[in-house]
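Residue-level structural notes
Given next are the chains, with one letter for each unit.
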Amino acid sequence: MKIKINSKRCKGCQLCIIFCPKKNIALDKNLNESGIAPAVIIAEDNCTGCGICFLMCPDCCIEIEQKI
Amino acid sequence: MAKNYKRPDSLYDVATHYCPGCGHGILHRMVAEAIDELGAREKTIAIAPVGCAVVAYDYWQFDCAEAAHGRALAVATAIKRCQPDKLVFTYQGDGDLAAIGTAETIHAANRGENLTVVFVNNAVYGMTGGQMAPTTLLTQKTATTPLGRDAKLAGYPLKISEMLALLDGVYSVERTSVSNPKEAMNTKRAIKQAFENQLQGKGFSLVEVLSMCPTYWYKTPQESVKWIDESMSQYFKLGKLK
Amino acid sequence: MKTKILISGNEAMGEAAIRAGCKFYAGYPITPQNELTAYMASELPKRGGIFIQSESELAAISMVYGASASGVRTMTSSSSPGISLKQEGISYISGAQLPSVAINVMRAGPGLGNIWPAQSDYFQATKGGGHGDYHLIVLAPWSVQESFDLTQLAFELADRYRVMSMILSDGILGQMMEPLEFDDEVAPSGLVEKPWALTGASGRKPNIVKSLSIKYGDVEKHNIMLQKNYSRIMAKEQRFEESSLEGARVVVVAYGSMARIAQAAVANLRKQGKRVGLFRPISLWPFPAKELARISTKIKKFLVVEMSYGQMVEDVRLSVNRKALVDFYGRSGGGVPTQKQVEREILKTLSSVNRKP
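About the criteria used
- Residues numbered from 1 in each chain as written.
- Chains lettered and ligands numbered in written order.
- Predicted model: local features only at pLDDT ≥ 70, side-chain atom pairs only at ≥ 80, totals over all residues.
- Buried ≥ 20, exposed ≤ 12 C-beta atoms within 10 Å, placed from the backbone.
- Helix = DSSP H or I, 4+ residues; strand = E, 2+ residues; numbered from the N terminus.
- Pairing = 2+ DSSP bridges.
- Contact = placed C-beta atoms within 7 Å.
- Nonpolar A, V, L, I, M, F, W, Y, C, P; charged D, E, K, R; others polar.
- Domains from an automatic or database assignment.
- Axes fitted to C-alpha atoms, helices over the stretch in contact; angles between N-to-C directions.
- Parallel < 35°, antiparallel > 145°, perpendicular 65-115°, else oblique.
- Left-handed = near helix turned anticlockwise from the far one by under 90°.
- Core = buried A, V, L, I, M, F, W, Y, C linked by C-beta atoms within 7 Å.

Residues and elements named next belong to chain C. Across the five residues that make up strand β4 (residues 74-78), a large majority, five, are buried. Of the two faces of β4, the one carrying Thr74, Thr76 and Ser78 and the one carrying Met75 and Ser77 are both buried. Alignment of strand β2 (residues 24-27) against β4, held across two bridges, turns out to be parallel. Residue Phe24 lies in a different strand from β4, and its bridge partner there is Thr74.

Rendered as structure tokens:
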């Protein structure tokens, strides 16, 4: 399973961080080119692909690909 | 259930102008998802509001009309009457739908126009700098209620959806929010249902969504979702009103 | 097959609209044009169209916006106070280039005024009652026949140029009954393809109908394009009628029902040997400035008569450009200049000597 966050588009609203049931998303220490600390996945192996981060992201920054 | 999550086809792959944590981004995506799932993109005509979402047509890949502030439901009425086979919906904020557009809203509903309305209620006027909206809560501070909304001076928050639910011409009214995953999923379901109602000719279907405006609530996105769950939805009760 | 009927101006405009292919009408009751709204209510649905009595004139103009955006021939009608309400929508329609027709059966103002006729909305119609740099094609009939003919023309011009056309009628013309002749079997003419219309993005890129553009420079570019369109209209669509200009010492300028009264005054004075003529603008926008400029090289005195306190007279003065004297006589607030009053004023202008233009 793959989960990607588009750190360039991310506005750092943190809704994904707030609602991730595994607390598996955090703010990057590095800023993106807009000067915002974007969200990053902490450990991809811990991601269950529940899709809640995608659901709550206002900017469609997250993409999850998994074998159905 | 394991599945793929990606941008719906009907949502252009562009950055939006919305503030971080603004509910519009979530709702634009849900609208696009619902329309794609229904295979309706090529027969959809959207009417954008005046408000932060005035440029919704930059984000959605279907035919779109701008309307004068508040008049979206009048424009939609005509488009639907002229083209009853199309999926016609309005996407309106609280000022557009419940202040300047109140007459157009009530009468389109009263006529039972077979339309879908996505009503984005964020209790403030975002685009113009955070002024009071009809749905601003009592004691809420805005640019035009700097001391907090006082019912004696500015009236009460308007429960327009409850009013519309009283009308015989209205088929369905629901209030949901995008402030937590459970409610967000419910919002997606409600919006898709409201589109399906139109496709099945069932009549006027409105979904009011309590949505975040962190900038003009002077809150972080985290505080904003909390405010919806703890304050806004205490006054604007979630659920099926009709 | 030619049909001849006796009909009111209001209903004639309704019949004309339906025969021109109008498929959507939205309107709100207001005197003195209620017969038109009622006519559309009963006739339009019978003949394949949609009628809505809207909750206000505000809603009606936005409904016309939506119908036009769907690519449909559409119309609304009202009278002065209701036309004031429509100004916002008219500006939006003009910015979005939505072909449409509006009919104003003018009454006395300002404010609620009364239901008597007036010509006090000339400025509103021709100088843009709404915000922004835009123009409507404004046509002024002077008979029931012309109310019919110009309404049909209004739809054609609207489609040809993607503008709103306005018929400026008044309480006299709307209410009076005269014979009307038309060909029963003529199909709507001047229909055009509308690839810009919102019909669902099937097999093409999505269309957007709007007048907003936030990016700097876009709205200026758009305005320049609109102005080019208006220049084309000004070059091609000036309409007028002249009578008895040969050797005229005074030419009366009047439009609409005022021109009917002026015509009677002119005819009566000519019977008495006075050299007077009549210039009748039919298009108020574009104003027939070219012809007025041309005839003012020979005609040195004009008398403008209006049911207002002086609105069209300004355009006459601009067109004549100080080459001739332009006098004015008007009554408004529901007062209608009588033939005798007009004759008196013509004689005053005739006898004025050595007055510099």
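Anyway, onward from the coordinates.
Note on interface size: it is often stated as the accessible area lost on association of the parts. If you look at the interface, chain C gives 31 residues, while chain B gives 30 residues. Mapped by element, the contributors of at least two residues to the side of chain C that touches chain B are β2, α3 (57-69), α5 (87-95) and β10 (208-209) of chain C. The element best represented in the side of chain C that touches chain B is α3(C), accounting for seven residues. The residue makeup of the side of chain C that touches chain B, split by class, is 17 nonpolar, eleven polar and three charged. One ladder, built from two bridges, connects strand β2 (residues 63-66) of chain B with β10(C); its direction is parallel. Within the sheet, the bridge partner assigned to B:Ala65 lies in β10(C) and is C:Val209.

Attention now moves to the domain arrangement of chain C. Residue and element names in this part refer to chain C. What the domain assignment reports for chain C is domain 1 (2-236) and domain 2 (241-351). Taking only C-alpha atoms, the centre of domain 1 and the centre of domain 2 are 28 Å apart. Counting residues at the interface gives 26 residues for domain 1, matched by 22 residues for domain 2. Secondary-structure elements contributing two or more residues to the side of domain 1 that touches domain 2 are β6 (114-117), α6 (122-126), β7 (137-139), β8 (164-170), α8 (171-175) and α9 (218-236). Take the side of domain 1 that touches domain 2: its biggest share by element is four residues, from α6. Broken down by class, the residue content of the side of domain 1 that touches domain 2 amounts to 19 nonpolar, six polar and one charged.

With that out of the way, let us pick up the pairing of strand β5 (residues 100-108) of chain C. Residue and element names in this part refer to chain C. For β5, the tally of buried residues reaches nine of nine residues, placing the bulk of the element in the interior. Relative to β5, β4 is paired through four bridges, and the arrangement is parallel. Residue pairing in the sheet places Ser77 in a bridge with Ile103 of β5. Bridge count for β5 against β8 is seven bridges, and the pairing is parallel. Across the sheet, Asn104 pairs through a bridge with Leu168, a residue of β8. Judged from the two bridges that link them, β5 and β6 form a sheet pairing that is antiparallel. Note that in β6 the partner of Ala108 across the bridge is Asn114. Taking the residues that link successive antiparallel strands as the turn, the β5-β6 hairpin has five residues, and the phi of Gly111 there is positive, at about 75°.

At the junction of the two partners, chain A supplies 23 residues and chain B supplies 22 residues. Residue assignment for the side of chain A that touches chain B shows that the elements contributing at least two residues are α1 (15-19), α2 (52-56) and β4 (62-65) of chain A.

Residue and element names in this part refer to chain C. Relative orientation of the contacting elements α3 and α5 amounts to 15°, with a least axis distance of 8 Å. As the angle between them shows, α3 and α5 are arranged roughly parallel. As α3 packs across α5, the resulting crossing turns out to be right-handed. Facing α3, whose interface residues are Leu58, Ile61, Ser62 and Tyr65, α5 presents Gly89, Ile90, Tyr92 and Ile93.

Once that is clear, we can look at the nonpolar core. A general tendency of soluble globular proteins is for nonpolar side chains to be buried together. Counting 207 residues, the largest nonpolar core has A:Cys16, B:Val118, C:Val252 and C:Ala262 as the members making the most contacts within it. Looking at this core, the element that brings in the most residues is α3(C), giving nine residues. Those residues in contact with A:Cys16 that sit more than four places away from it in its chain are A:Ile25, A:Ala39, A:Cys53, A:Met56, A:Cys57 and A:Ile62.

Moving on, we come to the arrangement of the chains. Contact analysis covers two pairs of chains in contact, and the most contacts occur between chains B and C. A gap remains between chain A and chain C, with no contact made and the closest C-alpha atoms lying 20 Å from each other.

What follows concerns the environment of A:Cys47. Residue and element names in this part refer to chain A. With respect to the secondary-structure elements, Cys47 resides in the loop between β3 (39-41) and α2. With 19 C-beta atoms packed within 10 Å, Cys47 lands in the partly exposed category. With ten residues separating them in the primary sequence, Cys47 and Cys57 have C-alpha atoms 16 Å apart. In contact with Cys47, other than residues within four places in its own chain, are Met1, Ile3, Asn24 and Ile41.

Attention now moves to the environment of C:Pro188. Residue and element names in this part refer to chain C. Tracing the backbone through its elements, the reader meets Pro188 in the loop between β9 (177-183) and β10. Classification of Pro188 as partly exposed rests on a count of 16 C-beta atoms within 10 Å. Taking the C-alpha atoms as reference, Pro188 lies 8.3 Å from Gln152; in sequence the two are 36 residues apart. Pro188 has contacts with Arg19, Ala20 and Gly21, leaving out every residue within four places of it along the chain.

Residues and elements named next belong to chain C. That bond from Gly109 to Pro110 is cis: its omega, -5°, falls within 30 degrees of zero. Secondary-structure assignment places Pro110 in the loop between β5 and β6. The step from Trp285 to Pro286 runs through a cis peptide bond, and the omega angle for that step is -5°. Checked against the element boundaries, Pro286 lands in the loop between β14 (283-285) and α11 (289-295). Backbone geometry at Arg162 places phi at a positive 55°, although glycine is not the residue there. As for its position among the elements, Arg162 is in the loop between α7 (144-161) and β8. Classification of Arg162 by C-beta neighbours within 10 Å gives partly exposed; the count is 19. The backbone of Asn321 sits at a positive phi, close to 55°, despite the residue not being glycine. Relative to the helices and strands, Asn321 resides in the loop between α12 (312-320) and β16 (325-330).

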